[in-house]
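Okay, here's what each chain looks like letter by letter:
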Amino acid sequence: MSEKTYADEVIVRCSDDGYYRTRWIPLVSFKSIRFGAYRFQRCPVHGRWEMAGIVEDDDQTPEIISEADKYPASRVP
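Quick notes on the rules
Residues numbered from 1 in each chain as written. Predicted model: local features only at pLDDT ≥ 70, side-chain atom pairs only at ≥ 80, totals over all residues. Heavy atoms only, no water. Helix = DSSP H or I, 4+ residues; strand = E, 2+ residues; numbered from the N terminus. Rg over C-alpha atoms; globule rule 2.2 N^0.38 Å. Buried < 20%, exposed > 50% of the residue type's maximum accessible area, 1.4 Å probe, protein only. Contact = heavy atoms within 4.5 Å. Areas by Shrake-Rupley, 256 points an atom, 1.4 Å probe, with all protein chains shown as cover. Lys, Arg positive; Asp, Glu negative; His and termini not counted. Charge placed at Lys NZ, Arg CZ, Asp CG, Glu CD.

Asker: Explain the overall build of the protein chain to me, please; I cannot follow it from the model alone.
Answerer: Across its full length, the protein chain holds one helix and five strands. Taken against the 2.2 N^0.38 rule, which gives 11 Å for 77 residues, the C-alpha radius of gyration of the protein chain at 11 Å falls within 12% of a compact globule. With respect to the three principal axes, the spread of C-alpha positions in the protein chain is 30 × 25 × 25 Å. The 77 residues of the protein chain split such that 32% are buried. Sequence separation of 24 or more characterises 51% of the internal contacts of the protein chain that already satisfy a separation of 6 or more. When the accessible surface of the protein chain is summed, it comes to about 5,000 Å², and 51% of that surface belongs to carbon and sulfur atoms. Both charge centroids of the protein chain, one from 11 positive and one from 13 negative side chains, sit 9 Å from each other.

Written out as structure tokens, the structure is:
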């Protein structure tokens, strides 16, 4: 991945099975609405607001990582 990554950057899966990277800081979110372990935020894969949850490291396959790398995280959490 050519973009700079941050310690708080994670791969998430949206409710329509799209994978992308986002900044995920507990109790901080400027571009999403928090719902416990999930967030309602704009999905860059589908271009609409969807629920998203973190993909745990053990569940990340090379295909998921490759797909998420197409949609890098913004600097704003």
